[in-house]
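What the coordinates show
So you can see what is in the structure, the chains are spelled out below.
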Amino acid sequence: MPSTATPFALTLPALDRGLSPHTGLTRGHWCAYADYLLRSAQRYGTDDHANIHLPGANSAYGPRSDSLEAFARTFLLASFRIAGDPQGTGWIADWYAKGLDAGTNPGNPDRWPTPGELGQAKVEAASLAVGLALTRDVLWDKLPQRVQEQLVAWFETVIGEEYPPINWVWFQIVVETFLASVGGRFSDEDIDSGLATHDSLYRGHGWFADGPERAYDHYVGWAFQVYPQLWALMAPDDPRVKARKELDGERLADFLDDAAYLVGGNGAPLIQGRSLIYRFAAAAPFWVGELSGHTRLSPGMGRRAASGMLDYFARHGSITDEGLLSIGWHGEFAGMKQSYSGAGSPYWAAKGFLGLALPADHRVWTAVEEPLPVETGDTQRLIAAPGWQVDGTASDGVVRIRNHGTDHANAGAAVADSPLYARLGYSTHTFPDLEPESLDNAVVLVDAGARPTHRTGFEFLGQKDLGGVLAGASRATVNWIEIDPDGGPDHGSGARGTATPGPEVTVVSLTRRAVELRLVRVRGTSSTAPARLRIGGWPVDAESPVASEIRPLAGWGSPLDDAGTWRREAPHPMGERLTIPWIGTSGAANDGDYAAVVVLAGAGSAEAGAVRFVPADGGPGPGGRFEFADGTTVDAAAVWEGLTSA
């Protein structure tokens, strides 16, 4: 239970627009937020400090797991704070030292479950190990020998344990590396095996898949890029570290080159992928680039990206009135809870405070903030591994991706679409509709029972820069999925069920700034159940500063067969009323080619009217051309031939 003492307030320094012209935030602000979050969470700690019982829902693993999770993740935050200011953080070190003793004391009935007893403890052990390594002279070296021995024995239960072939392998690597540094038992075989798995998941230019599937998300940054650099700091003399230093450093620098283009002018990271309740953990790779020296970004830009994220979430209610982090995006939203989420889970946002491990005189804290790419002009970028084409617009600060390569599955899979992975578009200003069957950035066929198809398992056909217009394409035999309510826990993948194949649908996205020309080719309708075609736009809240628009361009009836705006009058992670515009056929779709203009832009934009189609042979494919207002043209036949002929 929390203390009955009068709650303390968050006191922030004055904004510094000289040092930080974009956010106003300085290291002093970061310290104030860190201390506030720590003191607030500690109010829910047990008398022996071993467990922090935060209010809220439990995960699937139960309260013992969740209270350990809250301790370990806030300890990670504490360790960054201590490492960067050892003289001014004695109160933090003392509080956690007591908990480290009680949590690993085998005679304590409220001790922590070991990693050998509970799978989730394998995750939390890594936060404890990293934190102890970063604060070794302040904390570990001052622990009584008895407590050190308890911790070693607790950590040693990871040796020889099975870890799934995803980002989890790093939890075993860093724990056993810490054990090696303090004279405990460890397994070179475990470490080498984990490194081999890590390398097997590399997909090029700094990008990793979180497992054997097409699972690209923020784990690329806050796990696959952060842990190798922390591991290197933990064991600088390890021959493996020395052998990998250049490799891992180049991968991090490559990733950061792309990551800078995925932060919006509003400070938000790209809203895509699982575990979004970790919020500003997405800042971690920017800090670790400075911590390790493996970044090509200027320190002012790196801090602007990180501080922008903290500022964004702080301004949008991610910290409750009690000083806690809730399950949600802005404020609390229970619908974002995944099976592994408990009240302590959001505190992996602690990774976003990694910059506090750097002292106040480090260049990342003393450099003047510099603008993000989207703040200096319109941006375009192709990111090959996840199959994303990135378009940012300086006028509204929106960064959008069109997605033809990510679905948290493998080609040929027949499962429901994961809302956080399989949509055709994601942005920094919109939150995906969390229902698996949705018109959100969709191309679907709707059967007589009003069931839309799913695209997961599609074939990624590639992407190109056509000289100012980006192009990407995918093709799928779409499926109607009868979802199995007992299909397993929600870990990000689409729900499983019984699949009924539909027609073949090829989608090409031609993008320029806020505009997407969405080309759709449908084949095989004669051999499947009759179904209407629907193309959906971006999901926006009714009060959003951005607007979603969709209009037909070619291949449709005249006037358009059908159109509308789907609405849900209920709270969602970014508002109270979700809307999605759509167009479609009023009757069963036949084989054919269709084109639509899909726009996400600042409210009042006239982007959609700035594109026209000039037909050649009566339809958007294979003939005709698209013309933008600035004179840029794209030949439809060339696009179809170049991207869809496989």
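Residues numbered from 1 in each chain as written. Predicted model: local features only at pLDDT ≥ 70, side-chain atom pairs only at ≥ 80, totals over all residues. Heavy atoms only, no water.

Residues F155 and F353 are the most contacted members of the largest nonpolar core, which totals 139 residues. Broken down by element, the residue count for this core peaks at 10 residues, all from helix α2 (residues 63-84). Dropping the residues within four chain positions of it, F155 is found in contact with A125, L128, A129, L132, V175, F178 and L179. (Core = buried A, V, L, I, M, F, W, Y, C linked by side-chain atoms within 4.5 Å. Buried < 20%, exposed > 50% of the residue type's maximum accessible area, 1.4 Å probe, protein only. Helix = DSSP H or I, 4+ residues; strand = E, 2+ residues; numbered from the N terminus. Contact = heavy atoms within 4.5 Å.)

As a further point, take the environment of A554. One can find A554 in strand β14 (residues 546-554). Residue class for A554 comes out buried when judged on its relative accessible area of 9%. Through-space distance from the C-alpha of A554 to that of L519 is 9.1 Å; in sequence the pair is 35 residues apart.

Within an α-helix, residues lying three or four positions from one another point in the same direction, as the helix has 3.6 residues per turn. An ideal rise of 1.5 Å per residue puts 32 Å on 22 residues; α2 measures up with 32 Å between its terminal C-alpha atoms. Of all 22 residues in α2, 19 are buried, a share of seventy percent or more. (Expected span 1.5 Å × (residues − 1).)

Next up on the list: the environment of G221. You can see G221 is positioned in helix α8 (residues 219-234). Sequence-wise, G221 and A283 are 62 residues apart; in three dimensions their C-alpha atoms are separated by 8.6 Å. Setting aside residues no more than four positions away along its own chain, G221 makes contact with V226, F255 and P285.

Next up on the list: the pairing of strand β17 (residues 592-602). By the criterion of burial, β17 is predominantly enclosed, with 11 of the 11 residues buried. Sheet analysis places strand β11 (residues 515-523) next to β17, joined by 8 bridges and oriented antiparallel. Residue pairing in the sheet places L517 in a bridge with V597 of β17. Bridge analysis of β14 against β17 gives 8 bridges, and the strand direction is antiparallel. What sits directly across from V546, in β17, is G602. (Pairing = 2+ DSSP bridges.)

Glancing now at the sheet that holds strand β3 (residues 379-383). Overall, antiparallel pairing links the 4 strands, which are arranged β3-β4-β5-β6 in an open sheet. Two strands in the sheet have a free side with no partner beyond their single neighbour: β3 and β6 (425-427). Going from strand to strand, the sheet's axes swing by 20° on average, the running direction of each strand aside. Sheet analysis places β3 next to strand β4 (residues 388-393), joined by 5 bridges and oriented antiparallel. By the bridge assignment, L382 is partnered in β4 with Q389. (Axes fitted to C-alpha atoms, helices over the stretch in contact; angles between N-to-C directions.)

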